[in-house]
Amino acid sequence: MKTLHMELGRDSYDILMEHGLLGSAAKYLNLDRKVLIVTDDGVPEQYAKLLSAQCKTPFVMRVMQGEGAKSFAVFQQLLAEMLHQNFGRKDCVVALGGGVMGDLAGFVAASYMRGVDFYNIPTTTLSQVDSSIGGKVAINFEDVKNSIGAFYQPKRVLIDPETLKTQNRRQLVNGLAEAIKTGLIHDAGLFEMFEQEDALAKLDEVIWRSLLVKQYVVENDEKEADLRKTLNFGHTLGHGIESAVGLGTLLHGECVGLGMLAITEEPLRSRIANVLQKYGLPTAVEYDKEHAYAAVCHDKKGNGETTTIVKVTQPGSCTLEVVPTASLKALLV
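Scoring rules and cut-offs
- Residues numbered from 1 in each chain as written.
- Predicted model: local features only at pLDDT ≥ 70, side-chain atom pairs only at ≥ 80, totals over all residues.
- Heavy atoms only, no water.
- Pairing = 2+ DSSP bridges.
- Helix = DSSP H or I, 4+ residues; strand = E, 2+ residues; numbered from the N terminus.
- Axes fitted to C-alpha atoms, helices over the stretch in contact; angles between N-to-C directions.
- Contact = heavy atoms within 4.5 Å.
- Phe/Tyr/Trp six-rings, centres within 6.5 Å; stacked < 30°, edge-to-face > 60°.
- Buried < 20%, exposed > 50% of the residue type's maximum accessible area, 1.4 Å probe, protein only.
- Lys NZ or Arg CZ within 6 Å of the ring centre and 35° of its normal.
- Core = buried A, V, L, I, M, F, W, Y, C linked by side-chain atoms within 4.5 Å.
- Expected span 1.5 Å × (residues − 1).
- Arc of directions from axis to C-beta.
- Salt bridge = Lys/Arg side-chain N within 4 Å of Asp/Glu carboxyl O.

> What am I meant to see in the sheet that holds strand E4 (residues 57-63) here?
Backbone-to-backbone hydrogen bonds pair the strands of a sheet. The strands run either parallel or antiparallel. On the basis of which strands lie adjacent, the open sheet formed by seven strands has the order E1-E2-E9-E6-E5-E3-E4 and mixed pairing. Where the open sheet ends on each side, the last strands, each with one partner, are strand E1 (2-6) and E4. Adjacent strand axes in the sheet meet at a mean angle of 15 degrees when their direction is disregarded. Note: strand E6 (residues 117-122) against strand E9 (residues 156-159), two bridges, orientation parallel. Paired with asparagine 120 across the strands is valine 157, a residue of E9. The strands touched by helix H1 (residues 45-52) are strand E3 (34-40), E4, strand E5 (92-97) and E6; relative to E4, the strand with the most contacts, the crossing angle is about 160 degrees. Helix-sheet contacts for helix H3 (residues 99-111) involve E3, E4, E5 and E6, and the interaxial angle to E5 is about 175 degrees.

> Would you mind going over the packing of aromatic side chains with me for this structure?
Enumeration according to the criterion identifies five aromatic pairs in this entry. Look at phenylalanine 72 and phenylalanine 75: their rings are 6.4 Å apart centre to centre, the planes differ by 70 degrees, and that puts the pair in the edge-to-face class. Placement of both phenylalanine 72 and phenylalanine 75 in helix H2 (residues 72-84) is noted, with a separation of three residues, approximately one turn of the helix. With relative accessibility at 10%, the residue phenylalanine 75 sits in the buried group. Aromatic ring contacts, followed pair by pair, group Phe72, Phe75, Phe107 and Phe141 into a single cluster. Sitting above the plane of the tyrosine 287 ring, lysine 289 keeps its charged end 4.5 Å from the centroid.

> Help me understand the nonpolar core in this model?
A general tendency of soluble globular proteins is for nonpolar side chains to be buried together. Membership of the largest hydrophobic core comes to 62 residues, with the highest contact counts inside it found for Ile15, Ile180, Phe194 and Leu211. Discounting chain neighbours no more than four positions away, the residues touching phenylalanine 194 are Leu176, Ala179, Ile180, Ala199, Val206, Val275, Lys278 and Tyr279.

> Mind showing me how you'd approach helix H5 (residues 169-186) here?
Along an α-helix, residues three or four positions apart point the same way, because every turn accommodates 3.6 residues. Taking 1.5 Å as the rise per residue, H5 with 18 residues should run 26 Å; its terminal C-alpha atoms sit 26 Å apart, in good agreement. Burial analysis of H5 places 14 of its 18 residues in the buried class, the great majority of the element.

> Help me understand H2, please; the structure alone is not making it clear to me.
Taking 1.5 Å as the rise per residue, H2 with 13 residues should run 18 Å; its terminal C-alpha atoms sit 18 Å apart, in good agreement. Buried residues of H2: Val74, Phe75, Leu78, Glu81 and Met82, and no others. Looking straight down H2, one finds its buried side chains confined to an arc of 125 degrees; they lie on one side. Facing away from the buried side of H2 by over 90 degrees, the exposed positions are Ala73, Gln76, Leu83 and His84. At the C-terminal side of H2, asparagine 86 shows a positive phi close to 55 degrees.

> Sorry, what's going on with the pattern of salt bridges here?
Note on pairing: side chains with opposite charge can pair once their charged atoms come close. On inspection of all chains with the given rule, the structure shows 18 salt bridges. Aspartate 117 is the salt-bridge partner of arginine 33, the closest N and O atoms lying 3.0 Å from each other. One end of the pair, arginine 33, is in the loop between strand E2 (13-17) and E3; the other, aspartate 117, is in strand E6, and 84 residues separate them in sequence. A residue is classified by how much of its surface remains accessible, and arginine 33, at 10% relative accessible area, is buried. By relative accessible area, aspartate 117 is classed as partly exposed at 23%. Taken together, the shared-partner salt bridges connect Glu67, Lys70, Asp103, Lys145 and Glu242 into one network.

Below, the structure written as structure tokens:
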């Protein structure tokens, strides 16, 4: 088993990675209490059954798949279930699924009775390489992605690469976009692996190297004062595109890839495009530019008339630049 320790003072926790780990979750999580398991209808039912069988008092809540689940209506539904089942402050919430489930379940855990224990068990490529660690939890509001949320760290993260075998091809490569981003901003060797080798054949290494980068970044900047902003490479414009095409139409990683292309200049832009095409990720899409720009203006990296963007000119390093928000409109092509 591989283990990473996220050192965040009182909010420190471990990230465990091993094939078959889901089947022994009770060895590493305190499930001897009421457990709300939040999953979606795209996650194989056997995963929830396997996990709930290890819990003393499990309550499985299966919600819709996709960004539509990150709504006030679903958020309220989950809180109501906890209240009706008399969950106390010593009970817990477990996210079982992709990044959407982690965001949603984490925000529920952060909000119920001012915070209960939260565990994350990511089952998609995207959530295993990126979103399952770091403590960002949120729901969407008014078509703006992650506009309502908090920083709330999990008590432990369990990563079982076996769960990736039930993903379809689109979901599998969708998560690779975040790993490609990670290589571009902080690990040139990882990006070169995507360029020169078959990264899907080395998925365990891709996951682990991505986790090492995010561990370093989050430990040094938990609340996104500076360094953690580098993880947003491709996200500002990507979120705008995602909003413009309709949340749930394109997958998150697909939009991040498009956002990276939009913000990057040649010659690196062509290298990124080649990598995205190699793994079946889109490099162009039709969308309403005005709608996308309106969403960019609501981006959390913005501050009135300016926005902090992440620029990469060569793999493995990046810079933060504060630019006029209006200048980003020309990049949405």
